[in-house]
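Architecture at a glance
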Amino acid sequence: MKLHHRKRSGDSSLGSIIFEAVHSPQGNAKAQIQDLQRRDDYGIRYELPMPKTAVISDIHSNLHALYAVMADYQCEQCTDVVCLGDVVGYNAYPQECVNEIRAIGCPVVKGNHDEEVVRFALALRDPDMRRELEVRMNPLARQAMEWNASCINDDSLTWLRRLPLQRIERSKFVMVHSCLDQPQAWNYILNANDAVGNFNRQFLPLCFHGHTHQPRVFTWDGRRSVELHEYWQQLRAEGQTVVPLQPGLKYFINVGSVGQPRDGDPRACYAIFDTEASTVTLRRVEYDVASAQQAVLAVGLPEYLAERLGNGQ
Ligand SMILES: [Fe+2]
């Protein structure tokens, strides 16, 4: 769960992304963390508490967006990370994104694209299964999924296949890709009514999810489910919003998407859970969208996948 970066070679654009991530204008995040590690007068090492957890979701093979978010949460002095799934699918760097998430070593739950890419990888080796998928999916979605599946090595496919559907993290919060009632059905929680079923299965005050690629805050007071629109509006206007967690309420928070936002804002999105302040901060992060689009086109993926990165849809 500790943060660390790995340098790459061979791709100058990727190299520069990593360089910027590690040597950002806000300062070297690793050094910032080390700064907080001190020795007292007796030479005994201690660490100041840094109870901030970065919650990321729906990376979708967008390495440019992932590096920008990693740099941002390090500058925000997060020491823990969790990932809510859909590491792969849609964009140009499936294997690289799996590598990065595995290198972080953070808890991860499975998304529907993580599940589908394994199915497609099997279909690439089984003509009968391939014919079934050709009937079931539209050609453009199938093309992107097949390409992603063809890029991922067997070890990573095994890792994706074994991811759990949900997980309780340090007794503090629940993490799931879609929702806690029938997580394997991959239902989309788009409004307060949709969230009722989840709240009936949510026994901790806080649950994080993704899947719709739209940051949202839902609450449950024991009787009804409410969506708090003002946080999304502030996030859109100011690039950040802080949600104070009130005692007695349950929160079901969608952290948005790192690699393919769909709320009309192309900036990457994620959340920071501060256990001491008892807040969840939703953040938008600028990244090099043009390079991510070029990468999509360069590997021959459908043009509309590049376009949607530009308009956040
Ligand atoms: Fe997704």
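Definitions and limits used
- Residues numbered from 1 in each chain as written.
- Predicted model: local features only at pLDDT ≥ 70, side-chain atom pairs only at ≥ 80, totals over all residues.
- Pairing = 2+ DSSP bridges.
- Helix = DSSP H or I, 4+ residues; strand = E, 2+ residues; numbered from the N terminus.
- Axes fitted to C-alpha atoms, helices over the stretch in contact; angles between N-to-C directions.
- Parallel < 35°, antiparallel > 145°, perpendicular 65-115°, else oblique.
- Contact = placed C-beta atoms within 7 Å.
- Nonpolar A, V, L, I, M, F, W, Y, C, P; charged D, E, K, R; others polar.
- Expected span 1.5 Å × (residues − 1).
- Buried ≥ 20, exposed ≤ 12 C-beta atoms within 10 Å, placed from the backbone.
- Arc of directions from axis to C-beta.
- pLDDT = per-residue confidence, 0-100.
- Core = buried A, V, L, I, M, F, W, Y, C linked by C-beta atoms within 7 Å.

1. Focus: the sheet that holds strand 6 (residues 173–176)
Picture the strands of a sheet paired through backbone hydrogen bonds; they go either parallel or antiparallel. With mixed pairing, 6 strands are arranged side by side in an open sheet as 5-6-7-11-8-9. Only two strands of the sheet have a single neighbouring strand rather than two, namely strand 5 (166–169) and strand 9 (225–227). On average, each strand axis in the sheet is tilted by 20° relative to the strand beside it, whichever way the strands run. Two strands pair when backbone bridges link them, and strand 5 and strand 6 are joined in this way by 4 bridges, in the antiparallel orientation. Counterpart to E169 in the pairing with strand 6 is F173.

2. Digging into the packing of helix 5 (residues 112–123) against helix 7 (residues 139–151)
Following both chains from N to C, one finds helix 5 and helix 7 inclined at 80°, their axes separated by 8 Å at the closest point. Our classification of the angle between helix 5 and helix 7 gives roughly perpendicular. Note on element contacts: helix 7 touches helix 5 through M145, E146, N148 and A149, opposite E116, V117, F120 and A121. Within the contact of helix 5 with helix 7, the residues separate by chemical class into 5 nonpolar, 1 polar and 2 charged.

3. Observations regarding helix 7
Taking 1.5 Å as the rise per residue, helix 7 with 13 residues should run 18 Å; its terminal C-alpha atoms sit 19 Å apart, in good agreement. Every buried residue belonging to helix 7 is among A144, M145, N148 and A149, and all of these are buried. Burial along helix 7 is one-sided: seen end-on, the buried residues are contained in an arc of 130°. The exposed set on the far side of helix 7, more than 90 degrees from its buried face, consists of P139 and S150.

4. A few points about the confidence of the model for the protein chain
Per-chain confidence: the protein chain averages 87 in pLDDT, with 84% of residues scoring 70 or above. The model gives residues 1–34 a pLDDT under 50, and that stretch makes 37 contacts with residues more than four places away or in other chains.

5. Some remarks on the nonpolar core
The biggest cluster of nonpolar side chains holds 78 residues, and the ones touching the most others in it are V55, V69, Y270 and A271. Here this core takes 9 residues from helix 3 (residues 63–75), the largest share from any one element. For Y270, the contacting residues outside a window of four places in its chain are A54, V55, I56, V69, Y73, V255, G256, V258 and R283.

6. Side note on unusual backbone geometry
The backbone phi angle of Q77 is positive, close to 60°, even though this residue is not glycine. Residue placement: Q77 occurs in the loop between helix 3 and strand 4 (80–83). The residue H211 is not glycine, and still its phi comes out positive at about 80°. Note on placement: H211 falls in the loop between strand 7 (206–209) and strand 8 (216–220). Since 24 C-beta atoms lie within 10 Å of it, H211 is described here as buried.

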